[in-house]
Structure formats: structure tokens, C-alpha cells
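A closer look at the structure
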Amino acid sequence: MHDQEETLAFTEECEVAVTVNGQRYERRVPVRMLLSDFLRHELRLTGTHVGCEHGVCGCCTVLLNGEAVRSCLMFAVQANNLFLTTIEGMAGTQSELHPIQQAFMEKHGLQCGFCTPGVIMSVHSLLHENPDPTDEEIREGLSGNICRCTGYQNIVEAVKLAAERLRPEEVE
Amino acid sequence: MATRWFGAPVQRLEDPRLLRGKGTYVDDIELPQLLHAALLRSPHAHAKIANIDASAAMALPGVYLVLTAVDLGEVLEPSPLLVPHAALEQPRTQLPLALDEVRYVGEAVAMVVAESRYLAEDALDLIDVDYEPLPVVHSLDVATREDAPLVHADVPGNVAAHLVQQVGDPDAIFASAPHVLRESLLIDRGAAMPMECRGIVAQWDALEEKLTCWISTQAPIPIRNGLAAIFHLPEHKVRVVAPDVGGGFGTKIMMFYPEEILTPFAARLLGRPVKWIEDRREHFISANQERSQEHEVEYAFDEQGTLLAVRDRFLHDAGAYTPYGIIVPIITACTLPGPYRLRHYASEFTVLYTNKVPVSPYRGAGRPHAVFVMERVMDGIARELQLDRLEVRERNFIAPDEFPWDVGLVYQDGGPTKYDSGNYQAGLEKLKALLDYEHFHEQQASARAQGRYLGIGIGCYVEGTGIGPYEGALVSVESDGRVHATTGVTSQGQAHATTLAQIVAEQLGVAIQDVMVTTGDTHAFSWGVGTYASRSATVAGSAMHLAARKVREKAQQVAAELFEAAPEDIELAVGKVFVRDAPHRALTLGQVAISANPLRYAYGENARKLMGMKLAGPRPGPALPEERGAPGLEASAYYSPPHGSFASGVHGAIIEVDLTTGQVSFLKYAAVHDCGRLINPTIVEGQVHGGVAQGIGGAFYERLVYDETGQLSNASFMDYLLPTAAEVPPIVVDHVETPSPLNPLGVKGAGEAGVIPVAALFASAIDDALAPFGVRIREMPLHPCRLYELLQEARSQGK
């Protein structure tokens, strides 16, 4: 009996409809499919990376209705009818990078690039909540994303630069 | 004057792609008909396999294949021994799947291939393995016991290797030295932990009988060669590509990991592409680790603090197998003398098997251990003689006019350990200024008066980099004037697409944006070794420079013929090739490339313009004159260094210890680094930053904890703590540039440097901070609880 239930849980499928980067997607997927796998392998949005599958490294960070979440800690079905933004949606279709991406390039805020999409999504969320963070607040805000290459030095610099450029008074 | 690219802090060419999420890491590769593999791994550190029943797994719908050792046929061979050594008398390497015995938790036992990874993992649960547990060697202590269980039944005493090296006559010096001290020092296990785990996609093309593998590796060419041999395929029918790789730090220089054989095996058998992506739990228990050594060091010195002789005996934990030979302990032995004038040195090490994940190089590769030992020695001398720690180092430094300095040992590459150049005092002077060393003791005293414990620590090191055997490069000008440059080394974040473009652009007078660099694709360039030992910029960079120079000379030759000028009067700049002092007599580099390729059919704007110029007159001989050699503007070149080049550096930090919690915070961190001429200072600084962060992890946070049954008890990021932005302090970096005389660019390696002295300086800083209690750090890594314990011990002894 128990085995049967288990097998059912493994094979059961459901409809999922999400809006990612402004585009609506409808798919039928296994109930147990992680949101990260859904984005990467069903929607082929492979910019969202998976570094630990237990919610620590932050590589899989995406925005769910504007808030940074770990897509490896959610099932795709939990995002049903919600709005997601992934790294692919940051710069839109424009040729120019988003100011956060631009700042990372100018400040050498990435090396292997694997953690970068997750870091950028977290920074987006951080600067939305706190447009003028101190160095300490930036470091605290980044502490949910592990980077093994940069030692965070230039990431912090990039966030400072991006914050400066994104602050409303300085945009005008 | 043309733009100088070499040495310029230019932005990276790879960034826009990576920043948009458009990188291609292995798991981003999707192929039609792709199947997914998962590995069953041993839950026991040591056990006999009595039986495996995979029938239920095979019966699960969606499962295509279950492989156990007996299914592998002639592929069931131990992995090749990568770097044999005469002292490695008992090498043992791993089978792709364990046959009748497992020797560490995580060892591969079976592989399932299914329609999805989810299903493949379901099937793993249905495989029934009958294990008979055996006694476990979980530590060096157990491994060396007289009645120790044996990791390999046919390896007595668990001893894989034993190597003795000696310089001078240390025994005689010890017999008459004014001061002799002896210490036991311990370095425990850690791991590289790149953010991208390992992974492979293998595709068998039955039509062309061709195998293609995309692997997250640092060594695609050796893997290509190996796969061709294992599967009896011609080498040109095997293509191995390292696409974007999400960090390696040495873990991915190891080959063959079992999955790198099993995945192509399955793809060939099934006639469908197969993907295997390692998850983080698997990475903790199946990707190679490093660092564990126990040293007994004796050192002799005189009243002035001059180091007279060192005797170092150490045990090195190899884990369950020795696929990478004894490279790590050899590097430790050779790195130990450091920047100091040590003429009498005895080094002896024993490599022991344990029931743990195998050991192969991780960033630093034996060097952090050596530097920890030697810098403890320097501090020990200072403490004994009541001298300033930096003064003791300065008294022992090799002077700038003493290079080349032959340490007298055989290095990891079989060549001499011979320092090519350096200026250690200059580095230390810069560091003192950065840390305001002169005034620190006042700062420390006033902090202590307020009950705060500050300490300063310094770590000096010399790092063997840029070793052979060789690397090569192929540089080719395309008809639109852009340049394609390719080499066998891979990039895992080091920015080869930028730095190698800088080297080429410098020679060919083009913008770096017009240089397209391909690395890590055996179909683009199939000669070479890989990215390890801080050697890419030095060895592949030099090859790239030589190839680009040949192309420049050919462009000059071709243009000289067209303009009827002397080749030495032809200049290359801003994408043009022109006669010096007559810039109107100019062609674009693309036009010269077309001219160098005498086709009947030429396409594109450059070709049309060229025809309009009517430069080509009737010529008597062959269209491709013999002296031109090959058509086009293309050349390859190889560079093989006479021996490694030795970079150096000194780092220092001011820390504060919280006596109530054992927590340590960094108040200042400074690094002065000498890697010869800098190709791109921004990128070198980034490498140093990252190394320091890993060093801080290895000094205070990251310790792999194995219990008595050989289980890794902290195999997750919740429990194995990688430093975050909140733990890594701001790092100030400065450079000394002592060019290497060994290569045409004057460069030395930079990739590993940052990590090397961190444990040493951390120990030194804690000793200094806790000097009032007489704490002496003899182990790494520490953590707050352990530091608190050491403090309590010191306090109770002091009473």
C-alpha cells in the first residue's frame, strides 16, 4: 500500500502556468518537479543555476512576485499563477545590460560566472529594499549567496556602483 | 603608438554572456533523446560487496540501463595512474564501479540511466546491495597503528609511498646548533567546493562513429586521449569539450572520475546521449579532497635568528586511492624552504591510505601546509629569541642578487626546485606600509588596555608555478580581419578569453574585441595538458605570444611583397598593416589574410576591395610560394619551460579575538604578490581575492569531519561552512613585479597564490593576539569552539 502511494506521488502530474520575464508558460509536469528544474529544463531558461539543492548557496535565486527566493527549495507547482523574473529577464531584450549587470562587468564582480545570476537577483532585491546600503549592509545582504571565486571584494564594489547609478535622485 | 593591451586592466570579454545567463555550463546542454544518469554510492567506508540485485531497478518504467561492475567488460580496469613516481611503491587507483570491495563512503557502485534524473534516483533506491562491513581506517592515527586495519589488503601498513630528500648536512648542523626546537603541526581536510559540481554529457554518433563529451573538467585533452584508449577509438574520433566551467580549483584536474568513463560507456551502449550531473551531496563524498597532513618539524638556529637547518617528517593522508600519485606531498616538501636561505634540510614523508575520499590537488596543492610549517618555524625562532617576527624573516630572506637560487630538491615536474627571480624584501616593505606595522603595537597595547585582544600575523611564501611539460596555441586571422586564437588549456573563471586575447592583440595590432579565444575543445586544439599548477598564463600564454608573433611576421612578409617594401618596414596597428612612414600604403589585416591565401574564389567586402586595388600582378612561380609555407595568416607555436617559475608573496592581517566566544574578526587584510609581469592587474587581483577567501575558509571555517566509521558528518553547506561576504574582510592588494627570465612574457603564475599563506598568518595573528595567555596554534583549520578550547587550556596551564 505504502509503495503504491509512493509510486503515485512520483508519477503524478499537474498543470502549471507561470509568467516568467513577462511571458506566460503552461506546462504539464510531475508534481515533484523543483522550480529550478522547471525553469532550467522545461522552459530552457538555463541562466538560473543549481549549486547545492539545499537552499544554502543561492545560485538558484529568482524573483517570485518581486521577492528573491531559492528556486531549488520550491516545487514548480507552488509557483502556479505567479510571476517570476530570472537573470534572462534582467536586461530584457535590449542590447544594454541592466545597471547591476553593467556594474558587475565594470568592477570585475564575477569570475567563473556560476553564482553570478543568483547574486544579481539577490542584489536586485537588496537594492529595491535598501537603495543606499552601507558596505556592511551589502555584505549582510550578500551573505545568502556563496561565491567561491571572487572573495566578494569586487562584488561589493559592483553593488556600490550599481546602487549609486540606480538611486532615483542620481538617475535624474 | 598603438594601444598597449598587455598589462592593461581591461574589462573581461566573457562577462556580457555570463551576466545575461547565457553561459553554457554542462548541465545547460540539452540534446534530442537525452537520458539521465544517477550513481549509487557506497554508504560504507569499507565493506565487501557480497551481492548486488538490480532487477527491481531495471523493472522500473522509464529505466533504460543499470550498470554494475560486471557489466563493464574490458572497461572494468583501474583508472590510470596519472603521475607515477619511484617512491610510490604501492599505487592503487579506482575501478569505474566497485567490484567486490568499497573503500570510502561515496565510492561508485552502480549507475542507472533513465528518462529523467528523478526516475534514475528512484531506481537507485531499488538496487539491493549486500555489504559486509570491514574495519575502517578513518584517520592517520588509525592508519599508522601497529594493528591497523588495511585499506587495501595487499598494502602492508597502509603505506603507499615513502620519500626522503636531503639538502646539505642537517645532522651535523643539528649536532652543534645553539638552539633546536621541535613541534608537531597538524593540517586537516578541506575541499575545493567549486559552485558548479562535476558533470558530463556524452553523445555517441553511430553514423560517424564519433564520441563527443562535454565535461566540467580542467583537462579535456588528457581525457580525450584516455577515452580513445579505453574505448579503442581513434583519437580524432573523440571530442572532449570543457564548456563554461563553474570553478575547478584543482578538483576538476583529476581524471578519470568514474562518471567520465561510465557516461560515455552508457551513451555508446544505448545509442542515446546521456547526462550525469553531480549534486552537492555527491560532490562532498565523491569529488577529491585535500590538505590532511601531520608534521613533526625540528629546526636549528643561532642567536641572531638565522635558520641553520630543518628536519621535517610528515604523514600525508591519501584517502582510499592515489590516482594523482604523490604530487601533493612532493609539493609540500619542496615548498617548505620558502623565501629563506635554507642550506641544510631533511624532508621525509609517508603517504598513507585511509578509507576516505581520494586526495588530489586543491588550490595550493600542498603549499599551504608547507607554508604553515615554515612560518610556524619563523615565529618559533622569534618567540624563543624574543625577536620581532618580521626581523627574523628579513634576516633569513634570500637576497635579490642571489637568484637563480637552487633549493636543491627535485620538484613535482621532475625538474629542479630553482627560483628564477624574486625580491622578497621589497614585498615585505610594501606589506609593512599597508598594515602600518610600525604603529600596530601601540594600537595593540591600547586595545588590550580596553580588554580587546588584537593580533597581527604575517605569512611569506614562494610558489612554484608555470611548470611544463608544454602548452601550444594556434592563431589564425580570418578574412574579416578578426583573429581566432585557440589553446588546450581550459578556463574555470580565470578569464583566458580576455588575457590570451590581450597577448594576441598586442602582437597583431588589433582590438581585443576582435580576438576570439577558444579554450578547452579538443577539436579546436588537441595538443597540451590542462589548467593546473598556476600555469596557464605562463605556459599557454607564452605559446600564444609565440604563435601571434609568427603570424605578425608572416603578415609583414606578405604585405612587404604586396607593397614592394622591406618586411621590417611593415607595421601592424589598429587592425591595419601599413608601410612605416607611409600610412596611406595600407591594407586591413583581413585583406592581408586574404592575400596570403591565393584562392580563385574569394568572398566578402575585404576581398572585393582587394581586387579593386589591383595589387596582385602576374607572378612566375607557384601561387603559394615555398617560402610562405602554409596559406593564410595562421601559425601555431609551443612553449615548454626549462623548469617552473617561482612566484612569491607576503600577506598580513590584523585580527581581533573575542575571548568569550572564540570568534575571530579581521580588522585589516593586505596581500603583496609578485607574479612577474602582469597581463591584466584587475584579473590578477581578483585571483588573489578569491584565494584569500578560500584561505580564510581553510583557516577558520572549513573542516571536513569524518567520524570513526568513516562517514563525513558535515556533507552539506549547512554544516561545511564556506565563507560568505560577511566573513571575508576587505582585502588590499599590491604587487611587486619581478619578471621571470624563463619565458618571453616575463610572467609567473597567479591562480593559487592567494590561498597559500592564509593559514600561516592566521595562526601567527592568533598567537600574537593571545600572547598574554601563551597560546600557540599548532593546527589548522580552527573554528571558534576549538579556539575557545585552546584558550581555556592555555589559561589553565598558566595558572
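This structure is a prediction, so every number in the text was calculated from the model and none was measured. (Residues numbered from 1 in each chain as written. Chains lettered and ligands numbered in written order. Predicted model: local features only at pLDDT ≥ 70, side-chain atom pairs only at ≥ 80, totals over all residues.)

The next thing to look at is the overall build of chain A. Looking only at helices and strands, one finds seven helices and five strands in chain A. Along chain A, from the amino end to the carboxyl end, the secondary structure elements read α-β-β-α-β-β-β-α-α-α-α-α. Relative to its 172 residues, chain A shows a buried fraction of 53%. Contacts in chain A between residues at least 24 apart in sequence constitute 59% of all its contacts with a sequence separation of at least 6. (Helix = DSSP H or I, 4+ residues; strand = E, 2+ residues; numbered from the N terminus. Buried ≥ 20, exposed ≤ 12 C-beta atoms within 10 Å, placed from the backbone. Contact = placed C-beta atoms within 7 Å.)

Looking now at the overall build of chain B. Counting secondary structure elements, chain B contains 20 helices and 29 strands. Over its C-alpha atoms chain B spans a radius of gyration of 28 Å, differing by no more than 12% from the 28 Å that the globule rule assigns to 799 residues. Taken along its principal axes, the extent of the C-alpha atoms in chain B is 100 × 70 × 50 Å. Taken across its 799 residues, chain B has 59% of its residues classed as buried. Residue pairs at least 24 apart in sequence account for 80% of intrachain contacts in chain B once pairs closer than 6 positions are excluded. (Rg over C-alpha atoms; globule rule 2.2 N^0.38 Å.)

Across soluble globular proteins, nonpolar side chains show a tendency to be buried alongside one another. Residue and element names in this part refer to chain B. Val 112, Val 113, Val 504 and Ile 766 are the most contacted members of the largest nonpolar core, which totals 307 residues. Ranked by residues supplied to this core, first place goes to helix H15 (residues 536–563) with 13 residues. The residues touching Val 113, leaving out its near neighbours within four places in the chain, are Leu 35, Ala 37, Tyr 64, Leu 65, Ala 120, Ala 266, Leu 270 and Val 274. (Core = buried A, V, L, I, M, F, W, Y, C linked by C-beta atoms within 7 Å.)

Residue and element names in this part refer to chain B. Strand order in the open sheet formed by three strands is S4-S2-S6, with antiparallel pairing between adjacent strands. Looking at which strands have only one partner, the edges of the open sheet turn out to be strand S4 (101–102) and strand S6 (128–133). Where strand S2 (residues 47–53) and S4 come together, two bridges link them in antiparallel fashion. Within S4, the residue paired with Ala 47 across the bridge is Val 102. (Pairing = 2+ DSSP bridges.)

A few words on helix H18 (residues 681–700) of chain B. When the terminal C-alpha atoms of H18(B) are compared, their 28 Å separation across 20 residues agrees well with the 28 Å that a helix rising 1.5 Å per residue should span. Most of H18(B) sits inside the fold, with 18 of its 20 residues counted as buried. (Expected span 1.5 Å × (residues − 1).)

With 98% of its residues at a pLDDT of 70 or more, chain B has an overall mean of 95. In the model output, the complex is listed with pTM 0.96 alongside ipTM 0.96. (pLDDT = per-residue confidence, 0-100.)

Attention now moves to the sheet that holds strand S24 (residues 582–588) of chain B. Residue and element names in this part refer to chain B. Reading across the sheet, the three strands line up as S22-S23-S24 and stay open at both edges, with antiparallel pairing between neighbours. Of all the strands in the sheet, just strand S22 (570–573) and S24 have a single pairing partner and so form its edges. Looking at each pair of strands side by side, their axes are set apart by 30° on average, direction ignored. Pairing between S22 and strand S23 (residues 576–579): four bridges, direction antiparallel. Among the inter-strand pairings, Leu 572 is bridged to a residue of S23, identified as Val 577. In the packing of H15 onto the sheet, the strands contacted are S22, S23 and S24, and the crossing angle to S22 comes to about 125°. (Axes fitted to C-alpha atoms, helices over the stretch in contact; angles between N-to-C directions.)

With that out of the way, let us pick up the pairing of strand S17 (residues 416–419) of chain B. Pairing geometry for strand S16 (residues 405–410) of chain B and S17(B), over three bridges, is antiparallel. Counted as the bridge partner of B:Val410 is B:Pro416 from S17(B).

What follows is about the interface of chain B and chain A. Opposite the 43 residues of chain B that make contact, chain A presents 45 residues. Breaking the side of chain B that touches chain A down by element, the ones donating at least two residues are helix H1 (15–19), helix H3 (117–125) and H18 of chain B. With six residues, the top contributor of residues to the side of chain B that touches chain A is H18(B). Of the residues contributing to the side of chain B that touches chain A, the split by class is 19 nonpolar, 13 polar and 11 charged. (Nonpolar A, V, L, I, M, F, W, Y, C, P; charged D, E, K, R; others polar.)

This paragraph deals with helix H3 (residues 99–106) of chain A. Burial in H3(A) covers these residues: A:Ile100, A:Gln101, A:Ala103 and A:Phe104. For H3(A), the buried positions fall inside an angular range of 160° around the axis, keeping them on one side. For H3(A), the secondary structure elements touched by its buried residues are helix H4 (116–129) and helix H6 (153–166) of chain A together with H1 of chain B. Following H3(A) by one or two positions, A:His108 has its phi on the positive side, about 55°. (Arc of directions from axis to C-beta.)

Residue and element names in this part refer to chain B. With an omega of -5°, the peptide bond running from Phe 403 to Pro 404 counts as cis. The residue Pro 404 is located in the loop between helix H11 (389–396) and S16 in this model. Following Gly 468, the chain continues into Pro 469 via a peptide bond in cis, with omega recorded as 5°. Relative to the elements of secondary structure, Pro 469 occurs in the loop between strand S18 (453–465) and strand S19 (471–477). Of note, Gln 33 is a non-glycine position whose phi angle comes to about 70°, a positive value. When you line up the elements, Gln 33 lands in the loop between H1 and strand S1 (35–41). According to the C-beta neighbour criterion, Gln 33 is exposed, with 10 such atoms within 10 Å.

All names here are of chain B. In the contact formed by helix H10 (residues 367–385) and helix H19 (residues 758–769), the axes pass within 8 Å of each other and the chain directions differ by 30°. Between H10 and H19, the angle is such that the two are roughly parallel. Note on packing geometry: the crossing formed by H10 with H19 is right-handed. Across the interface between the two elements, Pro 368, Val 371, Phe 372, Glu 375, Arg 376 and Asp 379 of H10 pack against Ala 759, Ala 760, Ala 763, Ser 764 and Asp 767 of H19. Its residues placed into classes, the contact of H10 with H19 shows six nonpolar, one polar and four charged. (Parallel < 35°, antiparallel > 145°, perpendicular 65-115°, else oblique. Left-handed = near helix turned anticlockwise from the far one by under 90°.)

To continue, consider the environment of B:Val688. All names here are of chain B. Along the chain, Val 688 turns up in helix H18. Measuring from C-alpha to C-alpha, the distance between Val 688 and Val 755 comes to 7.7 Å, with 67 residues separating the pair along the chain. When neighbours within four sequence positions are excluded, Val 688 is seen to be in contact with Ala 671, His 673, Val 733, Ala 753 and Gly 754.

It is worth spelling out the pairing of strand S3 (residues 61–64) of chain A at this point. Strand residues, when the strand is regular, have side chains that alternate between the two faces of the sheet. All names here are of chain A. Strand direction decides the pairing type here: S3 and strand S4 (residues 67–70), joined by four bridges, are antiparallel. In the strand pairing of S4, Leu 64 is matched with Glu 67. Turn length for the S3-S4 hairpin, with the two strands adjacent in sequence and antiparallel, is two residues, and the turn residue Asn 65 shows positive phi of about 45°. In the sheet, S3 pairs with strand S5 (residues 83–85) via two bridges, with the strands oriented antiparallel. In the strand pairing of S5, Leu 63 is matched with Thr 85.

Take the environment of B:Pro757 next. Residues and elements named next belong to chain B. Tracing the backbone through its elements, the reader meets Pro 757 in the loop between strand S28 (731–735) and H19. C-beta crowding within 10 Å serves as the criterion here: with 32 such atoms nearby, Pro 757 is assigned to the buried category. Setting aside its immediate chain neighbours within four residues, Pro 757 contacts Val 371, Gly 459, Cys 460, Tyr 461, Gly 649 and His 651.

Turning our eyes to something else, we now look at the packing of helix H9 (residues 327–335) of chain B against H10(B). The axes of two packed helices give the description: the angle between them and the distance between them. Residue and element names in this part refer to chain B. Packing of H9 against H10 leaves a shortest axis separation of 8 Å and a crossing angle of 35°. For the pair H9 and H10, the crossing hand works out as right-handed. For the pair H9 and H10, contact is made by Ile 331, Thr 332 and Thr 335 and by Arg 367, His 369, Ala 370 and Val 371, respectively. Tallied by class, the residues present in the contact of H9 with H10 amount to three nonpolar, three polar and one charged.

This part takes up the environment of B:Phe666. Residue and element names in this part refer to chain B. Secondary-structure assignment places Phe 666 in strand S27 (residues 664–674). By C-beta crowding, Phe 666 is classed as partly exposed, having 19 other C-beta atoms within 10 Å. Once the C-alpha coordinates of Phe 666 and Ser 534 are considered, the two residues, 132 residues apart in sequence, prove to be 27 Å apart. Discounting residues that sit within four places of it in the chain, Phe 666 has contacts with Ala 653, Ile 655 and Pro 729.

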